[in-house]
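These are the residues of each chain, in order.
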Amino acid sequence: MAVDYIINRLTDISRMDEVYRLTHDSLVAVGDILPRADGKIISYPHLDTIPQTTIIIAEKNQHIVGTVSLTLDGSQGLYTDVYFKAETDHVRAHFNGNLCATWRIATTQEYRYNRRLVLELIKETFRTAQEKGYDLCLFVFNQKHVKVYQRIIGATVLASKTASVDNNVKLPLVLMQMEVSSGWERFKNII
């Protein structure tokens, strides 16, 4: 499939509604949440507009078709605190460097199985993390994605538990970590 989208950083927060709708539809499609009447999921609003968060988008014809977010740890914390507070605090206490988390990776139905778009969103996440000097990245995934992220970025599992993104569907969630520099070395060899 030819590339018909552009990867950018979101600079207009008035477009967050598109991000929330895209995330909702993506999570509903894979069964991680139940459909909501408003068609949006706003999971961590305290992180959306802070300077420590970068929201990356893929756009086609002025519509967002893919997204991923990256947040540097700070006074507002990380989204991993919601599910794995003790484990995230343990990493904070024992890691000397810039800690971040990547989250909210989603694509529209049209691109749901487009490996290239997902890899390009991940690539831009790496580029952003390196540009900003981030050293260690945390993320929470559904257990079913663990092997993929171990293979493509060398992520390691720190903890697991059953929890819910929407207080309805219980999921096997896994907290993973990756050193940005070694993850990039591994990732760039597969793209």
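Up top is the structure.
Since this is a predicted model, take the numbers as computed values, not measurements.

(A) Spatial organisation of the pattern of salt bridges. Per the stated rule, a full pass over the model turns up 18 salt bridges. Residue Glu-124 is joined to Arg-9 by a salt bridge in which the shortest nitrogen-to-oxygen separation is 3.9 Å. One end of the pair, Glu-124, is in helix H4 (residues 115-132); the other, Arg-9, is in strand S1 (residues 6-9), and 115 residues separate them in sequence. The exposure class of Glu-124 is buried, given its relative accessible area of 13%. With a closest N to O distance of 3.1 Å, Asp-17 and Lys-40 form a salt bridge. Residue Asp-17 is found in helix H1 (residues 16-29), and its partner Lys-40 is found in the loop between H1 and helix H2 (45-48); the two are separated by 23 residues along the sequence.

(B) The arrangement of the layout of surface pockets in detail. Of the voids in this model, the largest pocket is the one considered here, and its volume is about 1,200 Å³. In this structure, the largest pocket is lined by 45 residues; those nearest its centre are Ile-105, Ala-106, Phe-141, His-145 and Tyr-149. Secondary structure elements with two or more residues in the lining of the largest pocket: H1, strand S3 (63-72), strand S4 (99-107), H4, strand S5 (136-142), helix H5 (146-153) and strand S7 (170-179).

Definitions and cut-offs
Residues numbered from 1 in each chain as written. Predicted model: local features only at pLDDT ≥ 70, side-chain atom pairs only at ≥ 80, totals over all residues. Heavy atoms only, no water. Salt bridge = Lys/Arg side-chain N within 4 Å of Asp/Glu carboxyl O. Helix = DSSP H or I, 4+ residues; strand = E, 2+ residues; numbered from the N terminus. Buried < 20%, exposed > 50% of the residue type's maximum accessible area, 1.4 Å probe, protein only. 1 Å grid on protein atoms, 1.4 Å probe; cavity = no way out; pocket = protein on both sides within 12 Å on 5 of 7 lines; lining within 4 Å. Points joined across faces, edges and corners; volume = space filled by probe spheres on them.

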